[in-house]
Number of protein chains: 4
Amino acid sequence: MSLDLLDNPPPWPGGARCAVALTFDMDAESLVHLRHGAAAPGMIGASSALRYGPRIAVPRLARIARAYDVPLTVYIPGWCVETYPDTVRLLAGEGHEIGHHGWLHERPNTLSPADEATVLLRGIEAIEQATGARPRGYRAPAYAMSAETGRLLVAEGFAYDASLLGDDVPYMLDCAGGSLVELPSDYALDDWPQYVHMGEFSMAMPIRAPERAMEVFRAEFDAAHRHGGLWVSVFHPFVSGRLARAEALCGLIEHMQAAGDVWFATMAEIAGHVAGLVERGEWTPRREALPFWSAPVEPLVTP
Amino acid sequence: MSLDLLDNPPPWPGGARCAVALTFDMDAESLVHLRHGAAAPGMIGASSALRYGPRIAVPRLARIARAYDVPLTVYIPGWCVETYPDTVRLLAGEGHEIGHHGWLHERPNTLSPADEATVLLRGIEAIEQATGARPRGYRAPAYAMSAETGRLLVAEGFAYDASLLGDDVPYMLDCAGGSLVELPSDYALDDWPQYVHMGEFSMAMPIRAPERAMEVFRAEFDAAHRHGGLWVSVFHPFVSGRLARAEALCGLIEHMQAAGDVWFATMAEIAGHVAGLVERGEWTPRREALPFWSAPVEPLVTP
Amino acid sequence: MSLDLLDNPPPWPGGARCAVALTFDMDAESLVHLRHGAAAPGMIGASSALRYGPRIAVPRLARIARAYDVPLTVYIPGWCVETYPDTVRLLAGEGHEIGHHGWLHERPNTLSPADEATVLLRGIEAIEQATGARPRGYRAPAYAMSAETGRLLVAEGFAYDASLLGDDVPYMLDCAGGSLVELPSDYALDDWPQYVHMGEFSMAMPIRAPERAMEVFRAEFDAAHRHGGLWVSVFHPFVSGRLARAEALCGLIEHMQAAGDVWFATMAEIAGHVAGLVERGEWTPRREALPFWSAPVEPLVTP
Amino acid sequence: MSLDLLDNPPPWPGGARCAVALTFDMDAESLVHLRHGAAAPGMIGASSALRYGPRIAVPRLARIARAYDVPLTVYIPGWCVETYPDTVRLLAGEGHEIGHHGWLHERPNTLSPADEATVLLRGIEAIEQATGARPRGYRAPAYAMSAETGRLLVAEGFAYDASLLGDDVPYMLDCAGGSLVELPSDYALDDWPQYVHMGEFSMAMPIRAPERAMEVFRAEFDAAHRHGGLWVSVFHPFVSGRLARAEALCGLIEHMQAAGDVWFATMAEIAGHVAGLVERGEWTPRREALPFWSAPVEPLVTP
């Protein structure tokens, strides 16, 4: 199919046809503590599955990254950064990017602005203490960016956000106080709908074979590769890092590398590239102003 | 299989074997505003996914329509018509049909008759202002036509409805005050069960690869083509217009065009064709009287 | 695989290797009236999908049955029998069996014993009036047989029940007052989990291609054919009778007929065959006493 | 793919490349009694499906185990042990392992410590009476091990636990009072997400063809085989023991046996092997201390 389906893709470094960022959200037990509170310490089974992320999956994923020479970007709630310092050190030490992912996986849009700011600062502090550097990027837990998030990220000097789903290529978010690069993904690149069946999170879904999940992720890559887009996974170590799925992920990377002309990068590198293009006037991205709505839509009638 | 499974298919123009209407419901953020009210402005992530519809997907779908020379029919809530005027102008300007889809995606059967009328009139007004013409067709949000909808559509001079699932070919709805062409579809031609996983709408479903969704849509087409039926998609730009899925949609159109003898038309064109057949006595459609029931069924016992 | 996995299959007529009963539950709008009460008359969209059953699907299924020379068994709530007399007449007139399926699809185990008896009698009456004969078989709506159902069925002279899932071959239910042939099926032979996505019934499931559903149904047949079992579908006209799925059903029947040595029969014929075997001492079925439990299980601790 | 993805796999007996334990949870009607209490005796349909487990499926699975010469491990709630003594005798008599699975399938983490102890002791007693030996292993119903479970298992002399999902190879649980071998599995090796659609348990999922489920289970085996891991199914006789699925299970075992160098063992044998390696200093497993958390995580903010 030779029809051009993507408007205004950015030029990628070295003439690459698309950019690929292997990104993971390392939530560990934050999910169970946030949702179940006092009951969480007694949820040993679910916790064991979640701890598999930092304990088993991340070292495996780091090994895969080394073997295929591709960088990872891992978004980590501050509480997890402090709870799993070795895991963070391993990642940072091998040059992978550590991004901000809240404190205990709180959904920003369920918090007051003051509480959202508290969470943001505390998460920055945790990452800075663990890695020696402030995070450059942010991903809102559960895609739940609030009306305030953009403004707060700009104020704290973040280079990019990775929470939204509004395009197939990078775009700019204009917020109170300044702008931010948005590096969007899509629910189709999240591993949760492919693999997660956990009563603790009200997820009664079929679990699909790694090859079925790869059909979904590969179709997204093939399209991005044909049209010059951006492929950003929203994987989770405790999900996609399980043994058989990690093998399938290797197969996916091999598929991407065989396709050729792919720029594998961290999200911060992509954001930096985009910012450079914009500064040098080499590419004009689409812009969206945040928040989208300053007030609820007035209903015409009330159901 | 040579067994004839479809009674009384209408003759299609030019001896075509079946009719195909590529229809979309462009709901944009109406879904989140209706359901989440005051919380909606803070739901930036979900909103970004929904805005992808008018911003990114519709222009892409229009391009596909141009490339394959097939018309689209797009049902748009009035609030979306007013919120995304450029998108509506683009569609109307290229000859695609704009249909009525409520004001803010309200389910008619959750409204009082007066409120339903208010919504209907306001939606007509929005479309008329944007396109210079009243809509000819209507699709109830969420398939939720009420007992009053038929009567109201007749009173407002609609040519057809596209909300029901009662047949594989067009039929007539007899309502208080007059009749209406019904152009039915089926849940199997909705893209939501194939692709949507969004906590904001309590949709915890697996997301399937474009090729798996196409298996479903293609099977429906193949059957319609063999038996003389009508294929009416109920797609959504923010869902089926994502890059990899749009590619798969191109493949589906190519499959249809390769099958040959397919009449690609807008819904208004199909309704006009059907009305003409009926007026000229060239085809006698099945008729259903609306509403189906004037009162609840008296229970024999109470569980 | 030559391992024998089925104990004590009955001898089938003519040396057939397995028995196949194509059974359908024709619920029509009973589902929406039972569940939604006063709101049901306003649920036109869902109703149109449900009415497709008696109006469009059943005539189509009858035609398929004729073409392939296989009998159908259709369980119909009494209210539907009275609401769709032509559909019932069509089925009965072509020799298909009409079975009992409650009055308005009430789950027996949500009713008092007196109410369950009322429903049973009223359903018998409806079928007797429509067909001139009392039903010989019963299927509880939603597999929800109560502790009383067996006793009531025996008292009313039913020959068999088709509500349970306790074996791969017929067995006997010993109830207060007498015995009954049980002709079991399995959830895997229900078309609902394959195809139904309807918010009105809280079914947020993916819809699968007909070929994917056939993988499930065919695997069950192949196993039954290899091992001498019983294949009893729990299909619904409004679901499996849609055009593309009806085509796939034709393919399934062709697959069965190509396998050879299959006894296609109504459920009443199968029950009669089984009863004859038992009476003549030619086969000794497994027996289960109903109800399974006379009282709740005393909990050891209370969660 | 030659990349090594598994750290520190244990040496398996006879130089086998991986260990396989075919394990089942035989819950029978405990599920319905626990969840539905007084309503359970009236739930005949669901009960018939659940009873299929001990009545039909277990003898079939035992036959398969004999034919392929592979041992089974079956976890059985004490109430089921007492309710289905013949089934337990059959299994124990053929050398299969009977493991502890609560009394009535209570989730330990919903019980007080005293109640959890009561359940544990009563389950031990039931198994000891039925088999003449105390159980050596335990699997918490619904993966719901509590903060107390490990301590209790150690106190009662259990050799291993099979409730967790924290690794791909055995590891040690350090609990108050001593240690325990953990033989972990994964949700991907549970048959419930593949096959169960039962309203009684709020499971509205598609049912997949046996071959689709086998894709999932086989991928896990292939990975374990390549990397030296442990494959532990969490199947249920009433689910995976149905006829067509049992056939597919035979196919899976054939696939495993064809792969070669697989150690098929009971869980107790695997735990014994692991304990021996540790005692003899031939392998140093990873260790996790239980419980993971002594108190809830203090939230930074409150959503």
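Every value quoted in this text rests on a predicted model; they were computed, and no experiment measured them. (Residues numbered from 1 in each chain as written. Chains lettered and ligands numbered in written order. Predicted model: local features only at pLDDT ≥ 70, side-chain atom pairs only at ≥ 80, totals over all residues. Heavy atoms only, no water.)

1. Observations concerning the overall build of chain A
Argument step 1. For chain A, the helix and strand inventory stands at 11 helices and 10 strands.
Argument step 2. For 303 residues, the compact-globule estimate of 2.2 N^0.38 gives 19 Å, and the C-alpha radius of gyration of chain A, at 19 Å, lies within 12% of that figure.
Argument step 3. With respect to the three principal axes, the spread of C-alpha positions in chain A is 55 × 50 × 50 Å.
Argument step 4. A sequence separation of at least 24 residues applies to 72% of the contacts in chain A between residues at least 6 apart. (Helix = DSSP H or I, 4+ residues; strand = E, 2+ residues; numbered from the N terminus. Rg over C-alpha atoms; globule rule 2.2 N^0.38 Å. Contact = heavy atoms within 4.5 Å.)

2. Structural notes on the UniProt feature "domain: NodB homology" (unreviewed entry) in chain A
Argument step 1. Mapped onto the present numbering, the UniProt feature "domain: NodB homology" (unreviewed entry) falls on residues 42-265 of chain A.
Argument step 2. Spanning residues 42-265 of chain A, this segment combines 49% helix with 13% strand, and its end C-alpha atoms are found 40 Å apart. (UniProt positions renumbered as here; feature names shortened; annotations may be inferred.)

3. Observations concerning the interface of chain C and chain D
Argument step 1. Contacts between the two partners involve 50 residues from chain C, matched on the other side by 53 residues from chain D.
Argument step 2. Summing the contributions of chain C and of chain D, the shared interface buries around 4300 Å²; its carbon and sulfur component is 63%.
Argument step 3. Across the contact surface, chain C and chain D share six salt bridges.
Argument step 4. For Arg60(D), the salt bridge goes to Asp168(C), with nearest N and O atoms at 2.8 Å.
Argument step 5. On the surface where chain C and chain D come into contact, there are 19 residue pairs in polar contact (both at pLDDT 80 or more).
Argument step 6. Element by element, the count of residues in the side of chain C that touches chain D is highest for helix α8 (residues 210-227) of chain C, at nine residues.
Argument step 7. In terms of residue class, the side of chain C that touches chain D is made up of 31 nonpolar, seven polar and 12 charged. (Buried area = accessible area lost by both parts, 1.4 Å probe. Salt bridge = Lys/Arg side-chain N within 4 Å of Asp/Glu carboxyl O. Polar contact = N/O pair within 3.5 Å; in protein donor to acceptor, adjacent residues only side chain to side chain. Nonpolar A, V, L, I, M, F, W, Y, C, P; charged D, E, K, R; others polar.)

4. Comments concerning the nonpolar core
Proteins that are soluble and globular tend to have nonpolar side chains buried together.
Argument step 1. With 386 residues, the main nonpolar core has Trp231(A), Trp231(B), Trp231(C) and Trp231(D) as its most contacted residues.
Argument step 2. The residues contacting Trp231(B), other than those within four sequence positions of it, are Ala19(B), Val20(B), Ala21(B), Leu22(B), Leu189(B), Phe217(B), Glu220(B), Phe221(B), Ala224(B), Leu252(B) and Met256(B). (Core = buried A, V, L, I, M, F, W, Y, C linked by side-chain atoms within 4.5 Å. Buried < 20%, exposed > 50% of the residue type's maximum accessible area, 1.4 Å probe, protein only.)

5. Describing the pattern of salt bridges
Argument step 1. Counted according to the given criterion, the structure contains 80 salt bridges over all chains.
Argument step 2. Ionic pairing is found between Arg151(B) and Glu148(B), a salt bridge with its closest N-O pair at 2.5 Å.
Argument step 3. Where Arg212(D) meets Glu215(C), a salt bridge forms, and the shortest distance between an N and an O atom there is 2.6 Å. Residue Arg212(D) is located in helix α8 (residues 210-227), and its partner Glu215(C) is located in helix α8; the two belong to separate chains.
Argument step 4. Classification of Glu215(C) as buried rests on a relative accessible area of 15%.
Argument step 5. Taken together, the salt bridges that share partners define one network made up of Arg212(A), Glu215(A), Arg212(B), Glu215(B), Arg212(C), Glu215(C), Arg212(D) and Glu215(D).

6. Details of the relation of the copies chain B and chain A
Each of the two chain copies can be brought onto the other by rotation about an axis and movement along it.
Argument step 1. When chain B is fitted to chain A, the best match, at an RMSD of 0.0 Å, comes from turning it 90 degrees and sliding it 0.0 Å along the axis. Taken together, the rotation and translation relating the two chain copies correspond to the operation of a four-fold axis. When C-alpha distances to the rotation axis are compared across chain B, the minimum falls at Met205(B), with a value of 4.4 Å.
Argument step 2. When you check the interface residues of chain B against chain A, a mere 8% turn up at the interface there too, and the two sides of the contact use different surfaces. (Least-squares fit on C-alpha atoms with pLDDT ≥ 70 in both.)

7. What about the arrangement of the chains?
Argument step 1. Of all C-alpha pairs spanning chain A and chain C, none lies closer than 9 Å, and the two are not in contact.
Argument step 2. A gap remains between chain B and chain D, with no contact made and the closest C-alpha atoms lying 9 Å from each other.

8. Focus on the state of the cysteines
What makes a disulfide is a covalent bond joining the sulfur atoms belonging to two cysteines.
Argument step 1. Applying the stated rule across the entire model yields zero disulfides over all chains.
Argument step 2. Unpaired in terms of disulfides, Cys250(D) finds its nearest cysteine sulfur in Cys18(C), a separation of 19 Å.
Argument step 3. By relative accessible area, Cys250(D) is classed as buried at 0%. (Disulfide = S-S within 2.5 Å.)

9. Details of unusual backbone geometry
Argument step 1. Leu290(C) connects to Pro291(C) through a cis peptide bond whose omega is -10 degrees.
Argument step 2. Mapped onto the elements of the fold, Pro291(C) is located in the segment after β10 (287-289).
Argument step 3. Phi is positive for Ala142(A), close to 55 degrees, though the residue is something other than glycine.
Argument step 4. As for its placement among the helices and strands, Ala142(A) is situated in the loop between β4 (137-138) and α6 (149-155).

10. Concerning the packing of aromatic side chains
Argument step 1. Under the counting rule described, the total for this entry stands at 36 aromatic pairs over all chains.
Argument step 2. Between Trp12(A) and Trp263(A), the aromatic rings sit 6.2 Å apart at their centres with planes inclined by 40 degrees, giving tilted as the arrangement. Of the two residues, Trp12(A) is situated in the segment before β1 (18-25) and Trp263(A) in strand β9 (residues 262-264); the sequence distance between them amounts to 251 residues.
Argument step 3. In this structure Trp12(A) comes out as buried when scored by relative accessible area, which is 6%.
Argument step 4. When its relative accessible area of 18% is taken as the criterion, Trp263(A) is described as buried.
Argument step 5. With 5.8 Å between their ring centres and 70 degrees between their planes, Phe24(B) and Phe235(B) make a pair best called edge-to-face. (Phe/Tyr/Trp six-rings, centres within 6.5 Å; stacked < 30°, edge-to-face > 60°.)

11. So, helix α4 (residues 85-93) of chain B
Residues and elements named next belong to chain B.
Argument step 1. Buried within α4 are the following residues: Thr87, Val88 and Leu91. Considered in projection along α4, the buried side chains sweep an arc of 95 degrees and stay on one side of the axis. Turned more than 90 degrees from where α4 packs its buried face, Asp86, Arg89 and Gly93 sit exposed.
Argument step 2. Close packing links the buried residues of α4 with α2 (44-68), β2 (72-76), α3 (78-83), β3 (97-100) and α5 (113-131).
Argument step 3. Taken from the residues just after α4, Gly95 is the one with a positive phi, measuring 85 degrees. (Arc of directions from axis to C-beta.)

12. Here we look at the packing of α2(B) against α4(B)
Residue and element names in this part refer to chain B.
Argument step 1. Relative to each other, α2 and α4 sit at 5 degrees, their axes nearing to 10 Å. One finds that α2 runs roughly parallel with respect to α4. In contact with Pro54, Val58, Pro59 and Ala62 of α2, α4 contributes Thr87, Leu90 and Leu91.
Argument step 2. Classifying every residue of the contact of α2 with α4 by side-chain character gives six nonpolar, one polar and no charged. (Axes fitted to C-alpha atoms, helices over the stretch in contact; angles between N-to-C directions. Parallel < 35°, antiparallel > 145°, perpendicular 65-115°, else oblique.)

13. Describing helix α10 (residues 243-259) of chain A
All names here are of chain A.
Argument step 1. The end-to-end C-alpha distance of α10, which contains 17 residues, comes to 25 Å, matching closely the 24 Å that a straight helix rising 1.5 Å per residue would cover.
Argument step 2. Of all the positions in α10, only Leu243, Ala244, Arg245, Ala246, Glu247, Ala248, Leu249, Cys250, Leu252, Ile253 and Met256 are classed as buried.
Argument step 3. Gly260, located one to two residues past α10, shows a positive phi value of around 85 degrees. (Expected span 1.5 Å × (residues − 1).)

14. A word on the side chain of Arg60(C)
Argument step 1. Residue position: Arg60(C) is located in helix α2 (residues 44-68).
Argument step 2. In contact with Arg60(C), other than residues within four places in its own chain, are Leu5(B), Leu6(B), Asp168(B), Tyr52(C), Gly241(C), Arg242(C), Leu243(C) and Ala246(C).

15. Here we look at the interface of chain B and chain A
Argument step 1. At the interface, 53 residues of chain B touch 50 residues of chain A.
Argument step 2. Taking both partners together, chain B and chain A bury about 4300 Å²; carbon and sulfur atoms supply 63% of that area.
Argument step 3. Inspection of the chain B/chain A interface yields six salt bridges.
Argument step 4. Linking chain B with chain A are 19 residue pairs in polar contact (both at pLDDT 80 or more), by the criterion used here.
Argument step 5. Counting residues per element, the ones that place at least two in the side of chain B that touches chain A are α1 (30-36), α2, α3, α5, α8 (210-227) and α10 (243-259) of chain B.

16. Some words on the pairing of strand β7 (residues 178-182) of chain C
All names here are of chain C.
Argument step 1. Alignment of strand β5 (residues 160-161) against β7, held across two bridges, turns out to be parallel. Each bridged residue has a counterpart across the sheet, and for Tyr160 the counterpart in β7 is Val181.
Argument step 2. Strand direction decides the pairing type here: strand β6 (residues 171-175) and β7, joined by five bridges, are antiparallel. Paired with Met172 across the two strands is Val181, which belongs to β7.
Argument step 3. Between β6 and β7, which pair antiparallel one after the other, the connecting turn spans two residues, and Gly177 there sits at a positive phi close to 100 degrees. (Pairing = 2+ DSSP bridges.)

17. Examining the pairing of strand β2 (residues 72-76) of chain D
Residues and elements named next belong to chain D.
Argument step 1. Burial of β2 is extensive: five of the five residues sit out of reach of the surface.
Argument step 2. Alternating residues of β2 divide into Leu72, Val74 and Ile76 and Thr73 and Tyr75, and every residue in both groups is buried.
Argument step 3. Strand direction decides the pairing type here: strand β1 (residues 18-25) and β2, joined by four bridges, are parallel. Looking at β2, one finds that Asp25 is bridged to Tyr75.
Argument step 4. Both β2 and strand β3 (residues 97-100) contribute to a ladder of four bridges, which runs parallel. Residue pairing for β3: Ile76 is matched across the bridge by His100.

18. Some details on the side chain of His197(C)
Argument step 1. Its location among the elements puts His197(C) in the loop between α7 (192-195) and α8.
Argument step 2. Within the structure, His197(C) has its side chain in polar contact with the backbone oxygen of Met205(C) (distance 2.8 Å).
Argument step 3. Residues contacting His197(C), with those up to four places away along its chain left out, are Tyr187(B), Trp192(B), Pro193(B), Met203(B), Met205(B), Met203(C), Ala204(C), Met205(C) and Ile207(C).

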